[in-house]
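Each chain, letter by letter, is given below.
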Amino acid sequence: MIKLFAILLTLVPQLIPAPAEMQVRDGVFTISEKNQVKYVLDSKAKIPAEGYTIDITRTRAKVVASTEAGLFYARQTLSQLEADGTIPCVKIKDYPRFRWRGFMVDAARHFMSVDEIKKHIDILSQYKINVMHWHLTDDQGWRIEIKKYPALTEVGASRIEFDGTVTEGYYTQEDVKEVVAYAAQHFITVVPEIEMPGHSMAAIRSYPELSCDKQPVKNFYTWGSPDIVLCPGSEFTFQFLEDVVAEVAPLFPGKYMHIGGDECKKVRWEKCPACQARIAAEGLKADDAGTAEEKLQSYAVKRMEGILAKYGKSLVGWDEILEGGLSPNATVMSWRGEKGGIQAAREGHDVVMTPGSGGLYLNHYQGDPKAEPECYAHHSVLQVPYDYNPVPAELSAEEARHILGVQGNLWSEYIYSDTMRDYLTFPKMFAVAETAWTPLEKKDFASFCQRLDAACARLDAMGVTYHMPLPEQPGGSYGQMAFRDSAVLTFTTSRPMDMVYTLDGSKPTAASARYTGPIVVKESGLLRIASLSSYGKLSEERLITLEKMEPIPALHPEQLTGKLSVRHTPGCFTIPHDIPFGTQWTCTELDDIRKLPKLYPFNGNMQDPQFFAAEAEGYFKVPETGTWQFSSLYDEVWIDGRLVIDNRGEIKKNFRHDGALVLEKGIHHIKVVYLSNVNGGWTTARNKGEVLIRRPGTEKWRNIDIR
Ligand code: ACM
Ligand code: ZN
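Since this is a predicted model, take the numbers as computed values, not measurements.

**Concerning the overall build of the protein**
Right, on to step 1. Helices and strands together make up the secondary structure of the protein, namely 16 helices and 36 strands.
Right, on to step 2. In terms of overall size, the protein behaves like a compact globule, its C-alpha atoms giving a radius of gyration of 28 Å where 707 residues would be expected to give roughly 27 Å.
Right, on to step 3. By principal-axis analysis of the C-alpha atoms, the protein measures approximately 90 × 75 × 45 Å.
Right, on to step 4. Considering the protein as a whole, with its 707 residues, one finds that 59% of them fall into the buried category.
Right, on to step 5. Of the contacts made within the protein by residues no fewer than 6 positions apart, 74% connect residues no fewer than 24 positions apart.
Right, on to step 6. Averaged over its 79 positive side-chain charges, the protein has a centre that lies 4 Å from the centre of its 91 negative ones.

Below is the structure:
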């Protein structure tokens, strides 16, 4: 298989990113000791910066570039072309569409080791990525040594998770130098990000004087944006930021430094005397463009820009920095769609496009969230960043010149392992790389998918994990189905891929039955199904339990109150079994099952969280006899005494354990168990508390009808 693959490779060059111009000729050039490729660096050659030409015949192989970067990229292209000591005869003229071809590392939520960063630099530079944006500070961690403020890493670089484990890590300034030098060898510029004025809880935990009320803050181990932020009313805040910049800026030879600026809640500023005094002193006034506090954010960003300028850096920030006005030298990263990028380009700012809506958030699901491992939210399959055009149609040619490029961001909230990081990065970053490099008119997703096989085989050779599309069920994947006579199971993949399955309980192999169309099952059993790549690799498998059953009879309770009986108790429980026998419950009633998680107050800053357990039971109506699917984030959902949803051990953020039963038309009993707690940084208090029901298929989910 591998051999055949290598032969195919020599026939059709499988390059990612696709080059600007390529002609394939007959024959191959065979590399030997005396037959080597000739590299020419000619600064006067009419070749764009980072571009190169490759000219290969049967007898000679020549590369020309006008810069070292161009030669480096030519080498990457050649290494993708080479198979078994030969290079196909080709003529290539290549250069990038954009000069900012970035990937963002969020080392703050979960640390990424220097070795892992180097591995990503190795791989991504092969695909001509040239910027690494290093998100070094956030609420959950401060990851860079600052000699003047040792507590930033002594305190701010570790957190105790809800379950008592410790998550930690930081880069010494020597580590940073090592990464920057390694990146430079791979023609990658590193842009450090020090967040301000929001997303700064780790700094505030280390130095409480940085916040408005200057009170000590507790360990922060959940995701989301707390409202405890830096105080722009205080001079100490700016002194601190300047001291940090003074140590950080010299470590990075590049022009840019990122200051964050996103998602800063301003409620504390409204009540802070220092912030209000600053607003008054600076004459900041609410108007159509924003509140006085929004103007205060703009004031803080402008001061930060002045600090950066003093240390020779140009400011980059998330698109919120546009709010309240911005100096023209600042570069804007458009993440909340393209609106910020469009406005910025029109105002004359340089722009890097990185909208989640364009598939540039690598932490978004690459497939059906009900089938994929927990990552974040949203659904952007590989084709979304592939099809993304970083130059919005609204921009004139002049304005479009401000679009420096495009960047893939991998936020690391749900990245609990290096494997998971790789799974989300690859192959999506290859799609970003082609979007960043290849001329728009040369992009073709079908061709990309074919070329991707070679790239994935290279990852396999390195032992690097990557996402392979899983078999998915239209309308929402599930792991259990109930039926009376038969069930029809339909599968798709997020990009074209074969699927193989078994119904006899055995593990699927490349030789198992191919999926060719909907599978009809008439008996109880287990369906095991996996995707199969063109080079013979199987994806993770999906298991679906099939349960043939008679309808569960409806109940005839004497009285229906429309209410749920509820009992609850304060305490910290991770599984229902943890609730001790003999617990003193408090009893109450609720008319809406969604109110259960709100029984106790929830403080998003997680300063004094009140965890608890609750159970609710009552009756609901089933409108017709047949199979009904249930979906919920409660820890357990019991229908007529049967455990239909069990979310034990799950990060209860996305619905991944839908269950089904065959029910007779009429009244049925429901009981749910809810544990207010945190798993994997996700606090269940944020959940809506729904129990959803529908007929199997693509019908919309609706809330259960309590009677
Ligand atoms: C962001 O995703 N908050 C920039
Ligand atoms: Zn303040």
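**A word on the coordination of the zinc ion (ligand 2)**
Right, on to step 1. Ligation of the zinc ion (ligand 2) by protein atoms is provided by Cys212 (SG), Cys231 (SG), Cys272 (SG) and Cys275 (SG), these donors lying 2.2 to 2.4 Å from the ion.
Right, on to step 2. Mapped onto the sequence, the donors of the zinc ion (ligand 2) take the spacing C-x18-C-x40-C-x2-C. Here cysteine 272 lies in the loop between helix H8 (267-271) and helix H9 (273-281) and cysteine 231 lies in the loop between helix H6 (201-206) and helix H7 (235-248), a separation of 41 residues in the sequence. Both residues of the pair, cysteine 231 and cysteine 272, belong to the buried class.

**Considering the pattern of salt bridges**
Right, on to step 1. If you walk through the whole model with that rule in mind, you get 42 salt bridges.
Right, on to step 2. Between glutamate 242 and lysine 310 there is a salt bridge whose closest N-O contact spans 2.4 Å. With glutamate 242 in helix H7 and lysine 310 in helix H10 (residues 292-310), this residue pair connects regions lying 68 residues apart in the sequence.
Right, on to step 3. Given the relative accessible area of 16%, glutamate 242 is considered buried.

**Description of the sheet that holds strand E12 (residues 189-196)**
Adjacent strands of a sheet pair through backbone hydrogen bonds, lying either parallel or antiparallel.
Right, on to step 1. Around the barrel, which closes on itself, the eight strands sit in the order E6-E7-E12-E13-E14-E15-E16-E17 with parallel pairing between neighbours. Taking each pair of neighbouring strands and ignoring which way they run, the sheet shows an average axis angle of 30 degrees.
Right, on to step 2. Alignment of strand E14 (residues 314-318) against strand E15 (residues 331-334), held across three bridges, turns out to be parallel. If you follow glycine 317 over to E15, its bridge partner there is valine 332.
Right, on to step 3. Strand contacts of helix H15 (residues 428-437): strand E6 (100-106) and strand E17 (403-410), with the helix running at about 180 degrees to E17, the strand carrying the most contacts.

**Some details on helix H3 (residues 114-126)**
Right, on to step 1. Given a rise of 1.5 Å per residue, 13 residues ought to cover 18 Å, and the 19 Å separating the end C-alpha atoms of H3 matches this to within 8%.
Right, on to step 2. Buried residues dominate H3, accounting for 10 of its 13 residues.
Right, on to step 3. Buried residues of H3: Val114, Glu116, Ile117, Lys118, Lys119, His120, Ile121, Ile123, Leu124 and Ser125, and no others.
Right, on to step 4. Just downstream of H3 lies lysine 128, where phi reads positive at about 70 degrees.

**Let's talk about the environment of lysine 621**
Right, on to step 1. Tracing the backbone through its elements, the reader meets lysine 621 in strand E27 (residues 612-622).
Right, on to step 2. With 45 residues separating them along the chain, lysine 621 and glycine 666 place their C-alpha atoms 5.5 Å apart.
Right, on to step 3. Beyond its immediate stretch of four places on either side in the chain, lysine 621 contacts Gly666, Ile667, Asp705 and Arg707.

**Observations concerning the packing of H15 against helix H16 (residues 445-462)**
Right, on to step 1. Interhelical geometry of H15 versus H16 gives an angle of 125 degrees and a closest axis separation of 11 Å. In terms of orientation, H15 lies oblique with respect to H16. As for how H15 packs across H16, the hand of that crossing is right-handed. Of the residues in H16, those touching H15 at Phe430, Ala431 and Glu434 are Phe448, Arg451, Leu452, Ala455 and Leu459.
Right, on to step 2. Class assignment of the residues belonging to the contact of H15 with H16 gives a composition of six nonpolar, no polar and two charged.

**Some words on the packing of aromatic side chains**
Right, on to step 1. Tallying each qualifying case throughout the model produces 31 aromatic pairs.
Right, on to step 2. Aromatic side chains phenylalanine 72 and phenylalanine 187 sit 5.0 Å apart centroid to centroid with 40 degrees between the ring planes, which places their arrangement in the tilted category. Here phenylalanine 187 lies in the loop between helix H5 (173-185) and E12 and phenylalanine 72 lies in helix H2 (residues 68-81), a separation of 115 residues in the sequence.
Right, on to step 3. Judged by relative accessible area, which is 10%, phenylalanine 72 ranks as buried.

**Points about the nonpolar core**
Right, on to step 1. Judged by nonpolar contacts, the single largest core of 123 residues is most densely connected at Met132, Trp134, Trp142, Phe240 and Phe430.
Right, on to step 2. The element that contributes the greatest number of residues to this core is H10, accounting for eight residues.
Right, on to step 3. Core analysis: the second largest hydrophobic core is formed by 48 residues, Val521, Ile529, Leu546 and Leu661 among them.

**Brief notes about the pairing of strand E4 (residues 61-65)**
Right, on to step 1. Here E4 lies mainly inside the structure; four of its five residues are buried.
Right, on to step 2. By the bridge criterion, four bridges tie strand E2 (residues 38-41) to E4 in an arrangement that is parallel. The partner of valine 40 across the bridge, within E4, is valine 64.
Right, on to step 3. Sheet topology places strand E3 (residues 52-56) next to E4; four bridges connect them, and they run antiparallel. Its bridge partner being in E4, threonine 53 is matched across the sheet by valine 64.
Right, on to step 4. Adjacent in sequence and paired antiparallel, E3 and E4 are bridged by four residues.

**Let's talk about helix H14 (residues 418-425)**
One turn of the α-helix equals 3.6 residues, which is why residues spaced by three or four share an orientation.
Right, on to step 1. Most of H14 is tucked away: six of the eight residues are buried.
Right, on to step 2. Of all the residues in H14, the buried ones are Met420, Arg421, Asp422, Tyr423, Leu424 and Thr425.
Right, on to step 3. Looking at the buried residues of H14, the elements they touch are H3, E17 and H15.

**Some points on the side chain of lysine 118**
Right, on to step 1. You can see lysine 118 is positioned in helix H3.
Right, on to step 2. Excluding residues that lie within four positions of it along the chain, lysine 118 makes contacts with Glu178 and Tyr182.

**Describing the environment of proline 496**
Right, on to step 1. Tracing the backbone shows proline 496 in the loop between strand E19 (487-489) and strand E20 (498-502).
Right, on to step 2. Overall, the relative accessible area of 69% leaves proline 496 in the exposed class.
Right, on to step 3. Between the alpha carbons of proline 496 and methionine 132 there is a distance of 31 Å; along the sequence they are 364 residues apart.

**Description of the sheet that holds strand E1 (residues 21-30)**
Right, on to step 1. Taken in spatial order, the five strands of this open sheet run E1-E5-E3-E4-E2, and their pairing is mixed. Of all the strands in the sheet, the pair left with one neighbour each is E1 and E2. The average undirected angle you get between the axes of adjacent strands in this sheet is 20 degrees.
Right, on to step 2. Against the sheet, H2 touches E2, E3, E4 and strand E5 (86-94), its axis set at about 40 degrees to E3.

**Considerations on the environment of glutamine 276**
Right, on to step 1. With respect to the element layout, glutamine 276 can be found in helix H9.
Right, on to step 2. With a relative accessible area of 28%, glutamine 276 lands in the partly exposed category.
Right, on to step 3. Placed 43 residues apart in sequence, glutamine 276 and glycine 233 show a C-alpha to C-alpha distance of 7.2 Å.
Right, on to step 4. Not counting residues within four places of it along the chain, the set of residues in contact with glutamine 276 comprises Trp269, Glu270 and Glu293.
Right, on to step 5. Engagement of the side chain of glutamine 276 in a polar contact is seen with the backbone oxygen of tryptophan 269, the distance being 2.8 Å.

Here is what the cut-offs are and how they apply
Residues numbered from 1 in each chain as written. Chains lettered and ligands numbered in written order. Predicted model: local features only at pLDDT ≥ 70, side-chain atom pairs only at ≥ 80, totals over all residues. Heavy atoms only, no water. Helix = DSSP H or I, 4+ residues; strand = E, 2+ residues; numbered from the N terminus. Rg over C-alpha atoms; globule rule 2.2 N^0.38 Å. Buried < 20%, exposed > 50% of the residue type's maximum accessible area, 1.4 Å probe, protein only. Contact = heavy atoms within 4.5 Å. Lys, Arg positive; Asp, Glu negative; His and termini not counted. Charge placed at Lys NZ, Arg CZ, Asp CG, Glu CD. Donors = N, O, S within 2.8 Å, 3.2 Å for Na, K, Ca; no water. Salt bridge = Lys/Arg side-chain N within 4 Å of Asp/Glu carboxyl O. Pairing = 2+ DSSP bridges. Axes fitted to C-alpha atoms, helices over the stretch in contact; angles between N-to-C directions. Expected span 1.5 Å × (residues − 1). Parallel < 35°, antiparallel > 145°, perpendicular 65-115°, else oblique. Left-handed = near helix turned anticlockwise from the far one by under 90°. Nonpolar A, V, L, I, M, F, W, Y, C, P; charged D, E, K, R; others polar. Phe/Tyr/Trp six-rings, centres within 6.5 Å; stacked < 30°, edge-to-face > 60°. Core = buried A, V, L, I, M, F, W, Y, C linked by side-chain atoms within 4.5 Å. Polar contact = N/O pair within 3.5 Å; in protein donor to acceptor, adjacent residues only side chain to side chain.

Don't take any of this as a statement about function, it's just geometry.
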